[in-house]
Amino acid sequence: EDQVTQSPEALRLQEGESSSLNCSYTVSGLRGLFWYRQDPGKGPEFLFTLYSAGEEKEKERLKATLTKKESFLHITAPKPEDSATYLCAVQVYSGTYKYIFGTGTRLKVLA
Amino acid sequence: NAGVTQTPKFRVLKTGQSMTLLCAQDMNHEYMYWYRQDPGMGLRLIHYSVGEGTTAKGEVPDGYNVSRLKKQNFLLGLESAAPSQTSVYFCASSTTTGQKEQPFGPGTRLTVL
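Residues numbered from 1 in each chain as written. Chains lettered and ligands numbered in written order. Predicted model: local features only at pLDDT ≥ 70, side-chain atom pairs only at ≥ 80, totals over all residues. Heavy atoms only, no water.

Below, the discussion takes up the environment of A111 of chain A. All names here are of chain A. Here A111 lies in the segment after β11 (105-110). Taking C-alpha positions, A111 is 25 Å from W35, a pair spaced 76 residues apart along the chain. Residue contacts for A111: discarding those within four places in its chain leaves Q14, E15 and P80. (Helix = DSSP H or I, 4+ residues; strand = E, 2+ residues; numbered from the N terminus. Contact = heavy atoms within 4.5 Å.)

This is the structure we're talking about:
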């Protein structure tokens, strides 16, 4: 069964304290892995897409990496405005494209 | 571009009432999706459509119906609402190749009493 697991469920960091969020997956027919940011009361906002093992993408303080079994979202020197829930989703293809989401990591960055 | 829009933003229903959620996109995307998001459960796919006039069941389709009469619109219907359908509903769309991100709407918060 296709499955996506994110860890930790919640993370509290001091401002400037770097860390990583994990997204592990077991799926067949992986076409891509997506990272989203979700603020309270809003829809998910796209951050990155990764397509192959070894690929890396960066945006400001965020860097996403991908291996054959998992992806990491590295947050360098986070600021309070980085506080949000970060969602991981894998895109699979079995006749049509579908997205399987993890349950997310709630990040709180303290000033 | 407005992207993906959803109406209404909030709704309270009584058990047994019916309602329709509207999703609209202006990106000419072929694929459209309806998800529900519940605490600790993540986003779960209810129904999806791969083009105008087509619909298909997702992971949790029971109690919902959908229609895609126009390419830009995807409607989600609840014929007889139940408290278990209290959730936040998100609509999303994507291209046929699926090679780009899946933009989401702002969500509809539904409470069934």
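Scanning the model with the defined rule gives 2 disulfides over all chains in all. Across the disulfide from C23 of chain A sits C88 of chain A; the S-S distance is 1.8 Å. Of note, the bridge from C23 of chain A to C88 of chain A carries an S-S torsion of about -55° and is left-handed in sense. On the criterion of sequence distance, the pair formed by C23 of chain A in strand β3 (residues 19-26) and C88 of chain A in strand β9 (residues 84-93) is long-range, its members being 65 residues apart. Judged by its relative accessible area of 0%, C23 of chain A falls in the buried class. The side chain of C23 of chain B participates in a disulfide bridge whose partner is C91 of chain B; the two sulfur atoms lie 1.8 Å from each other. Its S-S torsion of about -75° marks the bond between C23 of chain B and C91 of chain B as left-handed, since a negative value means left-handed. Note that C23 of chain B is positioned in strand β3 (residues 19-25) and C91 of chain B in strand β9 (residues 87-94), a separation of 68 residues in sequence. Summarising the burial analysis for this pair, C23 of chain B and C91 of chain B share the class buried. (Disulfide = S-S within 2.5 Å. Buried < 20%, exposed > 50% of the residue type's maximum accessible area, 1.4 Å probe, protein only.)

Residue and element names in this part refer to chain A. Turning to its location among the elements, E56 is positioned in strand β6 (residues 56-59). Residue E56 is classed as partly exposed on the basis of its relative accessible area of 47%. With 35 residues separating them along the chain, E56 and L21 place their C-alpha atoms 14 Å apart. Each residue touching E56, except ones within four places of it in the same chain, is listed here: L50, K63, A64 and T65. In terms of polar contacts, E56 uses its side chain to reach the side chain of K63, at 3.4 Å. (Polar contact = N/O pair within 3.5 Å; in protein donor to acceptor, adjacent residues only side chain to side chain.)

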